[in-house]
Every structure is written in C-alpha cells, then in structure tokens.
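Close look at the chain arrangement
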Amino acid sequence: MKTEALITMLTAVGTVTAVTGYFFYLVLSTPPKQEPDSFEENDDELVRKND
Amino acid sequence: MTAKVESWGSRVGLILAMAGNAVGLGNFLRFPVQAVQNGGGAFIVPYLVCFLLMGIPLLFVEWSMGRFGGKYGHHSTPFILDSMDKRKFWKYIGVFGIFTNLAVAAYYCYLESWTLSWVWHSISRTFAGQSQDEVAGFFNSYVGLEMPFETIFFWLVCLLLNTWILSKGLSGGVEKVAKIGMPLLIVFGVFLAIMAFNVEAGVAGAINDASVGLNFLWTPDFSTIWSPKVWLAAAGQIFFTLSVGMGSIQCYASYVKKNDDIALNAMSAGWMNEFVEVVLGAAIIIPISVGYLGVDKVLEMTQTGGLGLGFKTLPFLFEQWGTVLAILCGVCWFGLLFFAGVTSSLAMGTPVMGFLKDEFGWKHKNAAWAFGGLVFILGLPTVLFFNYGVFDEYDYWAGTFSLVVFAFFEIILFAWIFGMDKGWKEITTGADIKVPSVYKFIIKYVTPLFLGVVFFSSLPGVWDKIINKDIYQKIATTTDPKELEVLNETILFVNASRLLLLLVFLGISYLVFVAYKKRKKEGRI
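All values reported here derive from a predicted model rather than from experimental measurement.

Rules behind the numbers
Residues numbered from 1 in each chain as written. Chains lettered and ligands numbered in written order. Predicted model: local features only at pLDDT ≥ 70, side-chain atom pairs only at ≥ 80, totals over all residues. Heavy atoms only, no water. Helix = DSSP H or I, 4+ residues; strand = E, 2+ residues; numbered from the N terminus. Rg over C-alpha atoms; globule rule 2.2 N^0.38 Å. Buried < 20%, exposed > 50% of the residue type's maximum accessible area, 1.4 Å probe, protein only. Polar contact = N/O pair within 3.5 Å; in protein donor to acceptor, adjacent residues only side chain to side chain. Contact = heavy atoms within 4.5 Å. Axes fitted to C-alpha atoms, helices over the stretch in contact; angles between N-to-C directions. Left-handed = near helix turned anticlockwise from the far one by under 90°. Nonpolar A, V, L, I, M, F, W, Y, C, P; charged D, E, K, R; others polar. Phe/Tyr/Trp six-rings, centres within 6.5 Å; stacked < 30°, edge-to-face > 60°. Lys NZ or Arg CZ within 6 Å of the ring centre and 35° of its normal. Expected span 1.5 Å × (residues − 1). Bend = angle between axes of the 7 residues up to and from the residue. pLDDT = per-residue confidence, 0-100. Patch = residues over 30% accessible without salt bridge, like charges linked within 9 Å, V, L, I, M, F, W, Y side chains within 5 Å. Areas by Shrake-Rupley, 256 points an atom, 1.4 Å probe, with all protein chains shown as cover. Salt bridge = Lys/Arg side-chain N within 4 Å of Asp/Glu carboxyl O. Core = buried A, V, L, I, M, F, W, Y, C linked by side-chain atoms within 4.5 Å.

Re the overall build of chain B
Within chain B, the regular secondary structure consists of 22 helices and 0 strands. Relative to the compact-globule value of 24 Å for 525 residues, chain B shows a C-alpha radius of gyration of 23 Å, a close match. By its C-alpha atoms, chain B is 70 × 50 × 45 Å across when sized along the principal axes. Burial status across chain B gives 63% buried among its 525 residues.

What follows is the structure, encoded as structure tokens:
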C-alpha cells in the first residue's frame, strides 16, 4: 500500500476503533444507578401543565 | 395519572438497539461509494468533522428530546415536540417522525427482503457458474417481478418477521434481536474484511491485490478537501448514517428512565455506528471489487450507487473463491446486510406503535400488526412498480428530504425555543460522562447552520424532482417508442406515489389532531 493511504487508513480506523472501544468500556464499567432513582421513579408519568 | 410503561431490559441492549437503528445497508453500500467519489482518504476529514459538529449534537438533542417526552408518557414525536413548547403547531411538525418511519419502512422492508433472498440463493448455489452479466440480470429480473412468487414471498416473510418481533415488545423482541444481530453483524463483517484483505493478483481470477482497492479508497486527494460538494456529501452521509431526523431515536430514548444517562449512551451508539461504517464498511466492497474488476470499472459502477456492487457484483466475485467460500461469504455478506436492515426497520415500527398505544389506547400486539398492515399497503406499490421509480420516489421524499426538514426544525425547537439552558440540563442530567461545554455553543449555532446549509442546498434538487426534470430530459433524448412509453408511464407512477405519500402525511396529521382533541377532553394536556 502507498504510505499516505496506509497512514490515512490506520489513523482513521485506529481513532474510530479506540474511541468506540473506550465508550463501550465506560458503559460496561459504570455501575448502574441505584433504585428507585433509576428504575422506579420514571414509571410514574407526569402530566404536562400548560404554561 | 400513573401508568406502568414499557422499558429497556438492559443498558447494553438499549445501546445495541440504538446502534442497530443507525447501522443500515448504507454503512456498507453508501459510505464506501461516497468516499470513493469525494476524494478517497481526504473524505474522512470532512466526514469526521461533520460527525463531531452535526452528528453528535443531533444525537444528544434527539436522545434528550426523547427522554424528556417520555417523562410525560409520549413515545412519538408529535407529542414529544408538543411537550417542549406551548405553541400548538409543533405537534404537526412532529408528524414527520411518524410519516418518515412508516414510509421508509414500506420500501426498506422490500430492500431487506432482497438480502434474505440472496442468502437463500447463496446457499442454493444459484450464482454458481454464472457470468457477472448473468448475476446482474438475475437481480434485474428479480426486481422486475419476472419471478413474482419468489419476490413477493421473501417480502412477505420479511414483513411478517418484523411485525412478529415488534409484537414481542421492546425488551422481548427488539432488544433481543439487537443483542443477537449486532454482534453477528460485526463477526460477519470482520470475516469478510479478512477475506477482502487477502485478495491477491493472479489468484482465483483476481487482477489486483487488495492493496490497490485500499489505495484507491484511502489515498487522500487534498485538492478536493475544500470543495463544498465534498463537505455537503460528508454532511449528508453523517446525517443518513446516524438515522437522525427520523423520530426513531426519540422514540427509543423515550423509554429511558428520567434520571438515567443519555450522554454516554448516545456517544456509544453513535461511535459504534462509525466503527461499523469506517472500519468494516470501508474494508469489504471496494477492495474485493477493485481486486477483480479494476479501478476504472468500479469507478464506473459507483456512479449508480452501491446497490449494483452489493447485489449484482459481489455474488459473482464470491463464486471465484470456490464452492465453500462462496456459500460462506454469500451468507455472511447478505446476512450482515439483513441484520443491518432488520435492526433499522424494527426501529421504524416503534414510533408508529407508540403513537397508536399512547393516543388511542391500542394494545401492543394490535399496534404491531396495524403497523405491519400499513407497511404492507404502503409497500405494495414499491414491490409491484419498482421499475417505474416508485421505490426511488419513496426513498427521496421519505428517506431523504423529510429527514432534513425534520432535523432542521427539531434543532431550532431544541436550541432556540425550548432553550439551550433547559436543553443542556436535559443532556447532562444523569450523564455518566462529562459532556464538553463547547457542545452548548455547537448545538445552538454550528449544528443549525450545518443543517440549514444542507437543507437550503437541497432545495434546487427538490424543485427539479417536483417537475420531473430527469425524466423529461430522458424523454427528450429517447427515440425508442417502447422506452418512451415506459418513461411516460414512469411519470404517472411517480406522481401517483407522491400523492399517496402526501395523503399518508395528511392522514397522520388528522390523527394527531384527533389525538390532541382527545387529550384535551380527557384533561391530559
């Protein structure tokens, strides 16, 4: 492969893979929020007030 | 009022479903073609800039609009938008978020059925011993309904499969499919990329090494990097690849609990789509086709889009690798496209069902089958009159133009009417990452500007489309009476499909009006 093509490809592919991996790692390593904040509160729907 | 609402089973499931919504056939068929036509490796610079300045902000906006609407029990855009401002017309702008999903699902399901059918034909060795022209001819006769039973059978199977999965609910259907489909898609993609990288000149009929295709795709042509056309193409690609402006992201996000994160979720799903597009999408179709057909032929073929390469060429090229690999690669390629398609079409069903459930009290299963029925009725013309441009017409008005219009309005509503202070609070509430505060500025000024440019630059094309300029130009240069007859019929079908889409839009608007009156009567607004 041409050097400039190789550099462009590796930079783009490497950046996208690293950022995707980083965010997915954060998702997997972040502990879930405690109930009831996370899972129950939103079960009660609000009624919109006309303002 | 207290009501138990449906919700996602797990965070990973939500992200995979959201990424599945974004990952579609365009990641594998449209992106490489756009890159090749717009400066090769240099395209990636404007592309990634557009992702950072338009894609990510729109993801933040749509996720937070969805979660905000969900707090009020809204799961479709008409009343999500309505809950963000007291002016009454927003709910009618929100009609786009139902119309687009319904109309796109109508033709997308047909496209999806081709992938399923091509999996079958790969296994049953239909393409064995066929020349490239014969493989292309097979595609043309398939969509030309020369084998109507098979075409309609696979379409109905796809439609029923989608409806059945949707009827199983969010966590029991959509999420399960995303958890199976997305990892399989990545595995298939990685396998095909390895195969593509191993194409070697002189082996199994290849005329070039894989590196020729990769050079063709990734060598930067910096003379094009400041061209407005390239930036517009990059913005358009980002826009369509992320499925923003459809209303499906808002719908999925409306099932997120009010204090749960959306910032990290939006980034994860968005970047996962980029991974599939930039890493896998770029590594398959171009290196293989250039390896066997050469740069000039591929450049010529990309002028008509990626469908030709994906369905008319790759099956022929896979056959060069021998029986076992031809079957395996055919199943992987069309299986990958099928999973990319089905995870997107499921996302299109959810807003329509949410609307029927929220506003008219429909049961989940009934709403799913109603969606299936509507897609059947609306999709039938795309199947029967594909060669008369009906499919393309749906794609243009519902799958392209409506997205830009809706996204333009929603960013104005979010940043300028709902207000950036309230909007920023919505984005950052419960966030598991620190959202860079520069995005407050970007969402308010840069993204609307980007969208405005995309929107207004598309208007001349819209007018040409309305007056059927392309078709009349063809009529003016055609002398063959048979072809002239087809072109005249095409005008009829194209105009009829526009009228049908307009009636669907007006019909949904009327339902929104009825729902509004109903809500008012019940004191829910």
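Thoughts on the side chain of B:S509
Residue and element names in this part refer to chain B. Along the polypeptide, S509 turns up in helix α22 (residues 481-521). Here the side chain of S509 touches F505 through a polar contact of 2.8 Å, landing on its backbone oxygen. Not counting chain neighbours up to four residues away, the residues in contact with S509 comprise Y92 and V95.

Looking at unusual backbone geometry
Residue and element names in this part refer to chain B. One non-glycine residue, R125, lies in positive phi territory at about 65 degrees. Mapping R125 onto the fold places it in the loop between α7 (96-123) and α8 (132-143). A positive phi angle, close to 60 degrees, is found at L145, a residue other than glycine. If you trace the backbone, L145 turns up in the loop between α8 and α9 (148-167).

Some thoughts on the packing of helix α10 (residues 170-197) of chain B against helix α17 (residues 323-360) of chain B
Residues and elements named next belong to chain B. Orientation of α10 relative to α17, taken along the N-to-C sense of each, is 145 degrees, at an axis distance of 8 Å. When you trace α10 past α17, the crossing you get is left-handed. Looking at the contact of α10 with α17, its residues break down into 21 nonpolar, 5 polar and no charged.

Regarding the packing of aromatic side chains
Residue and element names in this part refer to chain B. In this structure the tally under the stated criterion is 53 aromatic pairs over all chains. Taking 5.4 Å as the distance between ring centres and 75 degrees as the angle between the ring planes, the aromatic pair formed by F153 and F154 counts as edge-to-face. According to the relative accessible area criterion, F154 is buried, its value standing at 10%. Members of the aromatic cluster, joined through ring pairs, are Y107, Y110, W114, W118, F127, F138, F139, Y142, F311, F334, F386 and F391. A cation over an aromatic ring shows up here: K444 above the ring of W416, its NZ or CZ 4.7 Å from the ring centre.

A word on α7(B)
Residues and elements named next belong to chain B. Between its first and last C-alpha atoms α7 spans 40 Å; for 28 residues at 1.5 Å apiece the expected length is 40 Å, and the two agree. If you look at α7, its biggest bend is around 30 degrees, right at A105. Across the 28 residues that make up α7, a large majority, 26, are buried. Positive phi appears at R125, one or two residues downstream of α7, with a value of about 65 degrees.

Here's the deal with the confidence of the model for chain B
For chain B, per-residue confidence averages 93 on the pLDDT scale, and residues scoring 70 or more make up 99% of the total. Both confidence scores are given for the complex: pTM 0.93, ipTM 0.90.

Focus: a nonpolar patch on the surface
Residues and elements named next belong to chain B. Taken together, the side chains of L156, L160, L161, W164, W369, F376 and I377 make up a nonpolar region of the molecular surface, amounting to roughly 670 Å² of accessible area. When residues of the nonpolar patch are traced back to their parent elements, those giving at least two are α9 and α18 (364-384). If one sorts the elements of the nonpolar patch by residue count, α9 sits on top with 4 residues. If you trace the backbone, I377 turns up in helix α18.

Describing the nonpolar core
Residues and elements named next belong to chain B. In this structure, F28, F60, W63, W114, W218 and W333 are the most contacted members of the largest nonpolar core, which totals 199 residues. Among the elements that make up this core, the one with the highest residue count is helix α19 (residues 390-428) (21 residues). Beyond its immediate sequence surroundings of up to four residues, W114 is in contact with F139, Y142, V143, L307, F311, F386 and F391. If you look at the next biggest cluster of nonpolar residues, it comprises 5 residues, including I471, I475, L487 and I491.

A short note on the pattern of salt bridges
Residues and elements named next belong to chain B. With the rule as written, the count across this model stands at 15 salt bridges over all chains. Among the ionic pairs, R67 bridges to E426, the shortest N-O distance being 4.0 Å. Note that R67 is positioned in helix α4 (residues 44-71) and E426 in helix α19, a separation of 359 residues in sequence. Among the residues examined, R67 registers a relative accessible area of 1% and is labelled buried. With a closest N to O distance of 3.3 Å, K440 and D421 form a salt bridge. You can see K440 sitting in helix α20 (residues 438-466) and its partner D421 sitting in helix α19, a full 19 residues away along the chain. With a relative accessible area of 31%, K440 lands in the partly exposed category. Judged by its relative accessible area of 60%, D421 is exposed.

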